[in-house]
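Residues per chain, in single letters:
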Amino acid sequence: MTLDLNDDSRWRRLHDASWTCPCCGESHGGLFDIAMERPGSCDADQPLQPNSALDGSDNILTGDFCVVDGEHYFARCVLQLPVVGAPETYFGWGAWSSLSKANFDIYVDTFDQGAQSDLGAWFGWFSNTLPGYPDTFSLKCQVYPQDNGQRPLIELEPTDHPLSQEQQHGITLDRILELYALTGHDMRDALSA
Ligand SMILES: [Zn+2]
């Protein structure tokens with residue numbers, strides 16, 4: 001029998017616009033991404049600046065770009081995990097990948113044109129330590145730039161690391177709710193009530 005999340009009352013409640021989350025008081029209306037604001041190697045006190053502030057400085061953090069010590073280059077990406085029991089549905093980690101300087105420069109130079117999907121894939125190192133997994137920092141990945149201002153997608157090298165396994169085989173609703181709980185949104189009791 002194939003699992004169908006529409007049979008799971010927690011899933012239906014999460015998508016119910018009239019159900020409000022006990023953590024933030026808002027209707028989530030379904031899944032939401034968990035975002036990492038900066039690469040793991042970027043100083044926590046580095047201020048977040050607009051993309052337009054990118055000016056060749058050695059240390060800068062914006063919503064989409066990061067440079068550390070003038071020699072490490074990063075792009076803000078999305079790592080999508082297919083959801084078990086919900087076709088065409090993905091849970092997303094907003095996370096960072098390193099890029100070579102050459103690819104970073106191409107990414108930045110073409111950023112405002114909106115047509116970038118033919119430029120990749122680019123090699124990168126996954127650059128965040130995600131909660132809820134054995135260390136995810138420096139997993140090998142491919143970065144696929146997208147069109148229309150969508151953030152690049154990360155595809156991890158297929159290995160037996162749990163994060164790679166979830167990207168290959170899917171993530172369950174229970175795991176997603178566990179990850180939400182680890183990042184300040186423990187909705188488990190309320191969704192099950
Ligand atoms: Zn919430």
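The structure this text deals with has already been given above.
Values in this document were obtained by computation on a predicted structure and should not be read as measured data.

*Asks:* Please explain the coordination of the zinc ion as it appears in this structure.
*Replies:* Expected angles at a metal are 109.5 degrees for tetrahedral coordination by four donors and either 90 or 180 degrees for octahedral coordination by six donors. Taken together, the protein donors to the zinc ion comprise Cys21 (SG), Cys24 (SG), His28 (NE2) and His185 (ND1), at separations of 2.1 to 2.4 Å. Classification of the site at the zinc ion rests on its 4 donor atoms, whose angles at the metal span 99 to 132 degrees, yielding the label tetrahedral. As a motif over one chain, the donors of the zinc ion read C-x2-C-x3-H-x156-H. Of this pair, Cys21 sits in the loop between helix H1 (9-15) and strand E1 (34-35) while His185 sits in the loop between helix H4 (173-182) and helix H5 (188-192), and the two are 164 residues apart along the sequence. Each of the two residues, Cys21 as well as His185, counts as buried.

*Asks:* Is there a simple way to think about the environment of His169 in this case?
*Replies:* Within the secondary structure, His169 sits in helix H3 (residues 162-169). Residues His169 and Leu81, 88 residues apart in the sequence, show an inter-C-alpha distance of 8.4 Å.

*Asks:* Quick question: what am I supposed to make of the nonpolar core here?
*Replies:* Across soluble globular proteins, you tend to see nonpolar side chains buried next to one another. Formed by 49 residues in total, the largest nonpolar core has its most connected members in Phe91, Trp93, Phe126, Leu163 and Met187. Considering each element in turn, this core owes the most residues, 6 residues, to strand E5 (residues 72-82). Beyond its immediate sequence surroundings of up to four residues, Trp93 is in contact with Ile34, Met36, Cys77, Val78, Leu79, Leu81, Leu130, Pro131, Tyr133, Leu163 and Leu179.

*Asks:* How should H4 be read in this particular structure?
*Replies:* Judged by how many residues are buried, H4 sits mostly within the fold: 7 of 10 residues are covered. Buried within H4 we find Leu173, Arg175, Ile176, Leu177, Leu179, Tyr180 and Ala181. Packed against the buried residues of H4 are H1, E1, strand E6 (90-99), H3 and H5. Gly184 sits one or two positions beyond H4 and adopts a positive phi of about 95 degrees.

*Asks:* It is not clear to me how the side chain of Arg38 should be interpreted in this structure. Could you clarify?
*Replies:* Within the fold, Arg38 resides in the loop between E1 and strand E2 (48-49). With near-sequence residues (within four places) excluded, Arg38 lies in contact with Asp43, Ala44, Asp45, Gln46, Leu61, Trp96 and Asn128.

*Asks:* Mind showing me how you'd approach the pattern of salt bridges here?
*Replies:* It is possible for side chains of opposite charge to pair when their charged atoms get near one another. Overall, the coordinates contain 8 salt bridges when judged by the stated rule. The shortest N-O distance in the salt bridge between Asp174 and Arg10 comes to 3.0 Å. Taken together, the residues span a long stretch of sequence, with Asp174 in helix H4 and Arg10 in helix H1 at a distance of 164 residues. Among the residues examined, Asp174 registers a relative accessible area of 47% and is labelled partly exposed. On the basis of relative accessibility, which here comes to 17%, the residue Arg10 falls in the buried class.

*Asks:* Which parts of the structure should I look at to understand the environment of Pro22?
*Replies:* Within the secondary structure, Pro22 is located in the loop between H1 and E1. Considering only alpha carbons, one finds Pro22 and Gly92, 70 residues apart in sequence, at a separation of 22 Å.

*Asks:* Would you mind going over the pairing of E6 with me for this structure?
*Replies:* Within a regular strand, the side chains alternate between the two sheet faces. Burial analysis of E6 places 9 of its 10 residues in the buried class, the great majority of the element. In the sheet, E1 pairs with E6 via 2 bridges, with the strands oriented parallel. The residue of E6 that forms the bridge with Ile34 is Trp93. In this structure, E5 lies alongside E6, joined through 10 bridges in antiparallel fashion. The partner of Phe74 across the bridge, within E6, is Ser98.

About the cut-offs
- Residues numbered from 1 in each chain as written.
- Predicted model: local features only at pLDDT ≥ 70, side-chain atom pairs only at ≥ 80, totals over all residues.
- Heavy atoms only, no water.
- Donors = N, O, S within 2.8 Å, 3.2 Å for Na, K, Ca; no water.
- Tetrahedral: all angles 85-135°; square planar, octahedral: opposite > 155°, others 65-115°.
- Helix = DSSP H or I, 4+ residues; strand = E, 2+ residues; numbered from the N terminus.
- Buried < 20%, exposed > 50% of the residue type's maximum accessible area, 1.4 Å probe, protein only.
- Core = buried A, V, L, I, M, F, W, Y, C linked by side-chain atoms within 4.5 Å.
- Contact = heavy atoms within 4.5 Å.
- Salt bridge = Lys/Arg side-chain N within 4 Å of Asp/Glu carboxyl O.
- Pairing = 2+ DSSP bridges.

Just geometry here; none of it tells us what the structure is for.
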